[in-house]
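# Observations on the model geometry
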Amino acid sequence: MSRAAVPGLPSPHPIGGQLPALYADDDFAQRFTAGLDTVLAPVFTTLDNLPSYFDPRLAPADFLPWLASWVGGIDDPRWPTALRREAVARAVELHRWRGTRRGLTEALRLVLGVSAEVSGDGGATWSRTAGADLPPPPADEVLIRVWPGREGEAYAVDADRVRALVRTLCPVHTVCRVEVLAGPPAGEGR
């Protein structure tokens with residue numbers, strides 16, 4: 001999409017009609033200002049629709065990477081436009097949950113369309129009682145099990161993309177292991 005000269009786009013504020021009466025019948029002045037109208041019409045149109053540029057659900061597709069950079073969202077031009085729009089719209093919400101089980105499962109579902117189960121806490125322990133003995137050390141590994149999340153679709157889990165996304169979303173102090181399953185774990189509902 002281009003916001004440059006758009007053939008046939010009328011200017012909402014033609015300059016020729018705003019000239020003094022002396023130039024109203026001057027052919028050269030009217031043609032000259034009509035050329036300026038052609039250049040300025042897309043600018044007026046963009047400014048008139050400016051709020052739409054800041055809404056990821058309405059913004060032009062070529063504007064989405066810029067919006068994603070504003071909110072630290074993920075934008076991949078290979079994704080369908082609807083998915084790119086949703087990823088940018090939900091970026092702030094996903095940042096709120098970043099580094100948590102919920103954030104990881106939501107990001108995997110949104111970005112890759114897979115369901116996930118996260119177990120383990122990455123080695124975090126605490127005690128509610130001051131001065132008490134430390135609890136036993138937990139497992140320092142986080143296990144992420146993923147499976148196709150969309151029923152009725154021939155959808156395969158791309159393990160490399162899952163691992164790459166997990167690396168970017170897991171806290172740096174944790175060891176994250178990914179298992180790809182054919183379906184939900186036993187006893188797991190969708």
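The preceding data block contains the structure.
Residues numbered from 1 in each chain as written. Predicted model: local features only at pLDDT ≥ 70, side-chain atom pairs only at ≥ 80, totals over all residues. Heavy atoms only, no water.

### Focus on the side chain of D37
Applicable threshold: Comment: elements are numbered from the N terminus, with helices defined as DSSP H or I runs of at least four residues and strands as E runs of at least two. Buried means the residue's accessible area, taken with a 1.4 Å probe over protein chains only, is under 20% of the maximum for its type, while exposed means over 50%, and partly exposed covers the values in between. Counted charges follow a simple rule, with Lys and Arg positive, Asp and Glu negative, and His plus the chain ends left uncounted. Salt-bridge detection follows one rule: a side-chain nitrogen of Lys or Arg within 4 Å of a carboxyl oxygen of Asp or Glu. By definition, residues are in contact when any of their heavy atoms lie within 4.5 Å.
Structurally, the position occupied by D37 is in helix α1 (residues 27-48). Of the side chains with opposite charge, R31 lies nearest to the buried D37, which makes no salt bridge, at 13 Å. Discounting residues that sit within four places of it in the chain, D37 has contacts with S11, H13, P14, I15 and G16.

### Looking at the packing of helix α4 (residues 81-89) against helix α6 (residues 101-112)
How two helices sit against one another is set out by the angle between their axes and by the gap between those axes. Counted only if it meets this: Angles here are taken between N-to-C directions and fall from 0 to 180 degrees, while the axes themselves are lines fitted to C-alpha atoms, restricted in helices to the stretch in contact. Under this scheme an angle from 65 to 115 degrees is roughly perpendicular, one under 35 degrees roughly parallel, and one over 145 degrees roughly antiparallel; angles in between are oblique. Amino acids are sorted into nonpolar (Ala, Val, Leu, Ile, Met, Phe, Trp, Tyr, Cys and Pro), charged (Asp, Glu, Lys and Arg) and polar (every other residue, Gly among them).
For the pair α4 and α6, interaxial distance at closest approach is 9 Å and the crossing angle is 155°. Taken together, α4 and α6 sit at an angle that is classed as roughly antiparallel. Seen from α4, the contacting residues are L83, E86 and A87; seen from α6, they are R109, L110 and V111. When its residues are assigned to classes, the contact of α4 with α6 shows 4 nonpolar, no polar and 2 charged.

### Details of the pairing of strand β2 (residues 141-148)
Threshold: Two strands qualify as a pair provided that DSSP identifies no fewer than 2 bridges between them.
For β2, the tally of buried residues reaches 6 of 8 residues, placing the bulk of the element in the interior. Pairing geometry for β2 and strand β3 (residues 175-180), over 6 bridges, is parallel. When the bridges of β3 are listed, E141 appears paired with V175.

### Observations regarding the state of the cysteines
Filter applied, for reference: Our working definition of a disulfide is a cysteine sulfur pair at a distance within 2.5 Å.
The final tally for this structure, using the stated rule, is 1 disulfide. A sulfur-sulfur distance of 2.4 Å marks the disulfide that ties C170 to C176. Since a negative S-S torsion denotes a left-handed disulfide, the C170-C176 link at about -115° is left-handed. Judged by its relative accessible area of 15%, C170 is buried.

### Observations regarding α6
Inclusion rule: An expected span of 1.5 Å times one less than the residue number is assigned to each helix.
Between its terminal C-alpha atoms α6 stretches 16 Å, which fits the 16 Å expected from 12 residues at 1.5 Å a residue. Those residues of α6 lying buried are G103, L104, A107, L108, L110, V111 and L112. At its buried positions, α6 is contacted by α4, α5 (91-96), β1 (114-119), β2 and α7 (159-169). The positive-phi residue at the C-terminal boundary of α6 is G113, with phi of around 70°.

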